[in-house]
Amino acid sequence: MQTVTTLHTLRQTVDDLRRTGPVALVPTMGALHEGHLTLVREAAHHSASVVVSIFVNPRQFGAGEDLDAYPRQLAVDSAKLKEEGVTLLWAPDAATMYPPGYATNVSVSGVSEGLCGADRPGHFDGVATVVSKLFNQVRPDMAFFGEKDWQQLAVIRRMTRDLDLTFPRVDAVHGVATVREADGLAMSSRNAYLSPPQRAAAATLPRAMTEAIARIRDGQEVRPTLAMLEDQLLGAGFERVDYAELRDGDSLASLTGPSDKARLFVAARIGGTRLIDNMAVGG
């Protein structure tokens, strides 16, 4: 595996790789876990070369969020990627991504509003900006993202479609199913922030969501069902529920009842750590 940190070397190397077949990109912020590695394996299944980027993007962190505390372990991550057979690691620093005088922002309306967009103003502008830069830098034939961050995936697909990007095309922006721990908690780099008691309580999140989905499918009203879900989380030790909403999986429009593409979205805080999850509800 080759590691590059300059844009000139990246472009030169990717041009060489493209001669051997399709190139896939897996964008990450590092602190890699099994969820990230699942994306890498899926990318390898569909391409000749896999490029993984590691960049902790300051533009998607708001005031008071965990930018400084976000885990950075490049050597450990690099070893994991090498073991997975990754072709190229793109590891730029902040000055490379946002050089002096940088003044451009990419903003996607609609799907970025509500849910995490309401609680984290500017977050999805930061996501869209850095991903558009990564797409332009690597020019991959395809890219892979985890479905745990469903709203993020929707933002990236909307951006790719609206800007008529061809590297990758919108139909080559792939979502990969959420990878979960044995107790159902969605894998996340932020799970490492949880103390053992908090980690045990966090498993209430997927259980409560699964129970709420079963009630909705059985015909119970959505609003009281989601209120019950919030009570379960607060009773288990979560300090706050940022949202618990039923939305269309494509448009992210709010729903009052189940539909073929309905999904349940939840964000809640425990011990200062914000956990998010989403699950399909269906009709």
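For every chain, the first residue of its written sequence is number 1, and the numbers climb from 1 along that sequence. In view of the model being predicted, local features appear only for residues whose pLDDT reaches at least 70, and side-chain atom pairs are presented and counted only at 80 or more, with totals across whole chains, interfaces and linings using the full set of residues. Hydrogens are left out, water is left out, and the side-chain values use all remaining heavy atoms of the structure.

Under the annotation held in an unreviewed UniProt entry, the chain carries the name Pantothenate synthetase and is attributed to Aurantiacibacter spongiae. UniProt positions are given in the numbering used here, feature names are shortened, and annotations may be inferred rather than shown by experiment. We quote the UniProt Subunit (unreviewed entry) comment for the chain here in full: "Homodimer." Quoted straight from UniProt, the Pathway (unreviewed entry) entry for the chain says "Cofactor biosynthesis; (R)-pantothenate biosynthesis; (R)-pantothenate from (R)-pantoate and beta-alanine: step 1/1."

## Side note on unusual backbone geometry
Peptide bonds are, in most cases, trans, and in most cases residues other than glycine have a negative phi. For the bond from F167 to P168, the omega torsion is 0°, close enough to zero to count as cis. Only DSSP runs of H or I with at least four residues qualify as helices, and only runs of E with at least two residues qualify as strands; both kinds are numbered from the N terminus onward. With respect to the element layout, P168 can be found in the loop between α7 (150-162) and β6 (173-176).

## Some words on the pattern of salt bridges
Any carboxyl oxygen of Asp or Glu within 4 Å of a side-chain nitrogen of Lys or Arg constitutes a salt bridge here. With the rule as written, the count across this model stands at 20 salt bridges. With a shortest N-O distance of 2.6 Å, D119 and R269 are connected by a salt bridge. Of this pair, D119 sits in helix α5 (residues 116-119) while R269 sits in strand β8 (residues 262-270); the two residues are 150 residues apart in sequence, bridging distant segments of the chain. The class of D119 is partly exposed, set by a relative accessible area of 29%. Across the salt bridge formed by R169 and D171, the nearest N and O atoms sit 3.0 Å from each other. The exposed category is assigned to D171, whose relative accessible area is 52%. Relative accessibility under 20% of the residue-type maximum defines a buried residue, over 50% an exposed one, and the middle range a partly exposed one, all with a 1.4 Å probe and only protein chains included.

## Observations regarding the packing of aromatic side chains
Aromatic rings from Phe, Tyr and Trp, with only the six-membered ring used for Trp, were paired whenever their centres fell within 6.5 Å, and each pair was classed as stacked if the ring planes differed by under 30 degrees, edge-to-face if by over 60, and tilted otherwise. The full count for this structure, using the stated rule, is four aromatic pairs. Judged by centre distance (6.1 Å) and plane angle (55°), the ring pair of F55 and Y98 falls under tilted. One end of the pair, F55, is in the loop between β3 (49-54) and α3 (74-83); the other, Y98, is in the loop between α4 (94-97) and α5, with 43 residues separating them in the sequence. Given the relative accessible area of 8%, F55 is considered buried. Centroid distance F61 to Y70: 5.8 Å. Interplanar angle 75°. Geometry classified as edge-to-face. There is no split in this pair, since F61 and Y70 are both buried. In this structure, R59 packs its charged tip against the face of Y98, placed 4.7 Å from the ring centre. Positioned over the ring face of F167 is R139, at 4.1 Å from the centre of the ring. Over a ring means this: the NZ of a Lys or the CZ of an Arg is within 6 Å of the ring centre and within 35 degrees of the ring normal.

## Some remarks on the domain arrangement of the chain
Domain assignment breaks the chain into domain 1 (2-176) and domain 2 (189-278). The C-alpha centroid of domain 2 is placed 26 Å from the C-alpha centroid of domain 1. Throughout, a residue-residue contact means that at least one pair of heavy atoms, one from each residue, lies within 4.5 Å. Counting residues at the interface gives 22 residues for domain 1 and 18 residues for domain 2. Regarding the contact of domain 1 and domain 2, the summed buried area is about 1600 Å², with carbon and sulfur atoms giving 53% of it. Sorting the residues of domain 1 by area buried against domain 2 places L115, D119 and W150 first, and these three jointly supply 41% of that buried surface. On inspection of domain 1 and its partner domain 2, the count reaches four salt bridges. Each polar contact in these results corresponds to two N or O atoms within 3.5 Å; when the atoms are within protein, one needs to be able to donate a hydrogen and the other to accept it, and residues that are neighboring in sequence are counted only if both atoms are side-chain atoms. In this assembly, domain 1 and domain 2 are joined by eight residue pairs in polar contact (both at pLDDT 80 or more). Here the limits of each domain have been adopted from an automatic or database domain assignment. Defined here as a combined quantity, buried area equals the accessible surface (1.4 Å probe) lost by two parts on assembly, summed across both.

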